[in-house]
Amino acid sequence: MYIFVFFIFLTSCKKQVDNCIKTTFYSQDSLYKITFDKPIELDTLYRWLDADCTPCGEDYKYRYSKKNYPLLKESGWIKGPEPDSIYQITFRHVNKFQCKTENILNSQELVNVMKNKWKYERATIDTIFIKDKEINGFNYNIIGYILNENYDNKYLTHVFKIWTIMDGYRLDFTAECKSNKCKDFIERMEKSFQTIEIEKLK
């Protein structure tokens, strides 16, 4: 199992994100050091195991959320009511060391899978951009999209997602906003994740 220890400190952001906190965390045994400029409004951190009936289906998640929004902890076993509004960034990785993956879906493949999934639930995905990009020495798949679940009295969900593989393990970052205050959310989160730096320490 991965165990992440978080060290958070304030600093001035260089160029890309206004009102941010430079945040650093370390993976198990300090194998990786991950740093990025986190928007300051994401002021609440919690973590949990998203369980599953198969070992390689389990994810460990770390979530930064805005404190006046509902806390949400997904579980493969328990599906609770979905909040009407969310504002959060989630870091996700597989929970077991033996569960390496050699291949992951690229940006376009993932969008196609999501479109096929959501069309059966009366939902549509409006893709804003699909990218594959190198950021500070690592190759990332990147997508930005808006999910319309077509329910009465529900907001659209604005999503920015970026993922990569390191030593056979997928590391996934997803930013989501579902509220009436999502203007420029995807653009803001894209700037935040442009600052990601990953350093292998061992």
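Residues numbered from 1 in each chain as written. Predicted model: local features only at pLDDT ≥ 70, side-chain atom pairs only at ≥ 80, totals over all residues. Heavy atoms only, no water.

**Some words on helix α2 (residues 185-193)**
Inference 1: Among the residues of α2, F185, I186, M189, E190, S192 and F193 are the ones counted as buried. One side of α2 carries all its buried residues, which in axial view fall inside an arc of 160°.
Inference 2: In this fold, the buried residues of α2 make contact with β3 (32-39), β6 (86-94), β7 (124-135), β8 (138-148), β9 (157-166) and β10 (169-178). (Buried < 20%, exposed > 50% of the residue type's maximum accessible area, 1.4 Å probe, protein only. Helix = DSSP H or I, 4+ residues; strand = E, 2+ residues; numbered from the N terminus. Arc of directions from axis to C-beta. Contact = heavy atoms within 4.5 Å.)

**Points about the pattern of salt bridges**
Any two side chains of opposite charge can pair, so long as their charged atoms come close to each other.
Inference 1: Across all of its chains, the model carries 13 salt bridges by this definition.
Inference 2: Between E190 and K131 there is a salt bridge, and its shortest N-O distance comes to 2.5 Å. In this pair, E190 sits in helix α2 while K131 sits in strand β7, placing the two residues 59 residues apart along the sequence.
Inference 3: On the basis of relative accessible area, K131 is assigned to the partly exposed category, the value being 29%.
Inference 4: Between R170 and D172 there is a salt bridge, with the nearest N and O atoms lying 2.4 Å from each other. (Salt bridge = Lys/Arg side-chain N within 4 Å of Asp/Glu carboxyl O.)

**Remarks on the sheet that holds β8**
Inference 1: Reading across from one edge, β4-β5-β6-β10-β9-β8-β7 is the order of the seven strands in this open sheet, with antiparallel pairing throughout. For this open sheet the edge positions go to β4 (44-50) and β7, each flanked by a neighbour on one side alone. Each strand axis lies, on average, 15° off the axis of its neighbour in the sheet, ignoring direction.
Inference 2: Here β6 runs beside β10; their pairing, made up of eight bridges, is antiparallel. Across the sheet, Q88 pairs through a bridge with E176, a residue of β10.
Inference 3: Contacts between helix α1 (residues 107-119) and the sheet are confined to β7, β8 and β9, with β7 contributing the most and set at about 160° to the helix.
Inference 4: In this fold α2 packs onto β6, β7, β8, β9 and β10, with an angle of close to 20° to the strand it touches most, β9. (Pairing = 2+ DSSP bridges. Axes fitted to C-alpha atoms, helices over the stretch in contact; angles between N-to-C directions.)

**Remarks on the confidence of the model for the protein chain**
Inference 1: Residues with a pLDDT of 70 or more make up 85% of the protein chain, whose mean pLDDT is 82.
Inference 2: Looking over the protein chain, one finds the lowest element-wise mean pLDDT in strand β1 (residues 5-8), namely 43, and the highest in α2, namely 95.
Inference 3: Every residue in residues 1-14 scores below 50 in pLDDT, and together they form 46 contacts with partners more than four places removed in sequence or on other chains. (pLDDT = per-residue confidence, 0-100.)

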